[in-house]
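Notes for the structure review
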Amino acid sequence: MTQISFEFYPPKNDQQRAQLDRTAERLKAHDPEYVSCTFGAGGSTLRYTPETVRRLHQEHGFVAAPHLSCVGGTREEIHDLLQLYRAIGCNRLVALRGDMPSGMGQIGEMRYASELVEFIREATGDHFRIEVGCYPETHPQADDALADIRWFKAKVDAGADAAITQYFYNADAYFHFVDAARAAGIEVPIVPGIMPISNFSQLRRFSQSCGAEIPRWISKRMMALGDDVDAIREFGADVVAAMCRRLLDGGAPGLHIYTLNMARPTQAILSRL
Ligand code: FAD
């Protein structure tokens, strides 16, 4: 059976909390291996991820994996979070560098995710299964595609157990990336990150900043559909489900779905598989 995981973001008010509760209950039927919760660096946002992870684990009964990023944080803060996650009952984490919001503060004590992975292993040994991020279409700040793979390997060498990719809409990019990673000696599972298409203009903006390419034929078709929300959802689900089928048939070890805290777009993809 295909291993599925779902990613949520931490709600910040009661309305968002109620939405996440409804989504979590609906997606439970798909029996995910685990669910993860994103993390925003700095300030008051620090507390939302632990709060949400506790809720997902203790109230909804999921295996819950917090994302943890190192930009803007100190070793002591990260150490405290690790202890908190242990106390909540977590035994897996997604370790990332993170991105500082522009104009906000300093880089922090660690510059790259590989240093964070090393720190987690030093502080907590093998307690956590650690996933890291990787980029089939190359991280936007990487010197080049091969350098990016070398730095990916540094995270695995530091102790990562598996990787989740940035989203993409081109299965060939994933297959070539996996081949290049294997050639570079990276042996851990590389799980494709899947972004459902629901709000196309929002997705287009976000894709520009994170370096994910939306193929021209998809963009053109989406733009032609204009404000027809149902048609956009149907077309988006057909395209993404077909890509997931190709990925799984081609050997992808599972799917990690970026739910954006909504059940319907994820269910539309899974029901087509
Ligand atoms: P790194 O692996 O540190 O790489 C960052 C860049 O530096 C790359 O270009 C790499 O090639 C380069 N690099 C790495 N090491 C070195 C080195 N030693 N010397 C020179 N260059 C180097 N962001 C959040 O803020 N919160 C989240 O919850 C979150 N969740 C995510 C989940 C997934 C699955 C993914 C794929 C991304 C997520 N992100 C999240 C976004 C992520 O933080 C950004 O993509 C960030 O810009 C890079 O993070 P990283 O862990 O891949 O960084």
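Everything numeric in this text was worked out from a predicted model, so none of it was measured.

**Focus: helix 8 (residues 216-225)**
Along an α-helix, residues three or four apart share an orientation, since each turn contains 3.6 residues. Along helix 8, the positions that sit buried rather than exposed are Ile-218, Ser-219 and Met-222. For helix 8, the angular spread of the buried residues around the axis is 100 degrees, confining them to a single face. Opposite the packed face of helix 8, turned more than 90 degrees from it, sit the exposed residues Arg-216, Trp-217 and Ala-224. Turning to helix 8, the residues buried within the fold contact helix 7 (200-210) and helix 9 (229-249).

**Quick look at the state of the cysteines**
The full count for this structure, using the stated rule, is 0 disulfides. Lacking any disulfide linkage, Cys-70 is separated from the closest cysteine sulfur, that of Cys-134, by 16 Å. For Cys-70, a relative accessible area of 0% translates into the label buried. Lacking any disulfide linkage, Cys-90 is separated from the closest cysteine sulfur, that of Cys-37, by 10.0 Å.

**Notes on empty space enclosed by the protein**
Taken as a whole and assessed by the stated rule, the structure comprises 1 cavity of 30 Å³ or more. Every residue lining the largest cavity is listed: Tyr-135, Pro-136, Glu-137, Thr-138, Gln-166, Tyr-167, Cys-210, Gly-211 and Ala-212. Of the residues in the lining of the largest cavity, the class split is 5 nonpolar, 3 polar and 1 charged.

**Focus on unusual backbone geometry**
If you check the backbone angles, Thr-138 has positive phi at about 75 degrees while not being a glycine. Relative to the assigned elements, Thr-138 resides in the loop between strand 5 (129-134) and helix 5 (145-157). Classification of Thr-138 by relative accessible area gives partly exposed; the value is 23%. Unusually for a residue other than glycine, Leu-260 sits at a positive phi of about 55 degrees.

Criteria and cut-off values
Residues numbered from 1 in each chain as written. Predicted model: local features only at pLDDT ≥ 70, side-chain atom pairs only at ≥ 80, totals over all residues. Heavy atoms only, no water. Buried < 20%, exposed > 50% of the residue type's maximum accessible area, 1.4 Å probe, protein only. Helix = DSSP H or I, 4+ residues; strand = E, 2+ residues; numbered from the N terminus. Arc of directions from axis to C-beta. Contact = heavy atoms within 4.5 Å. Disulfide = S-S within 2.5 Å. 1 Å grid on protein atoms, 1.4 Å probe; cavity = no way out; pocket = protein on both sides within 12 Å on 5 of 7 lines; lining within 4 Å. Points joined across faces, edges and corners; volume = space filled by probe spheres on them. Nonpolar A, V, L, I, M, F, W, Y, C, P; charged D, E, K, R; others polar.

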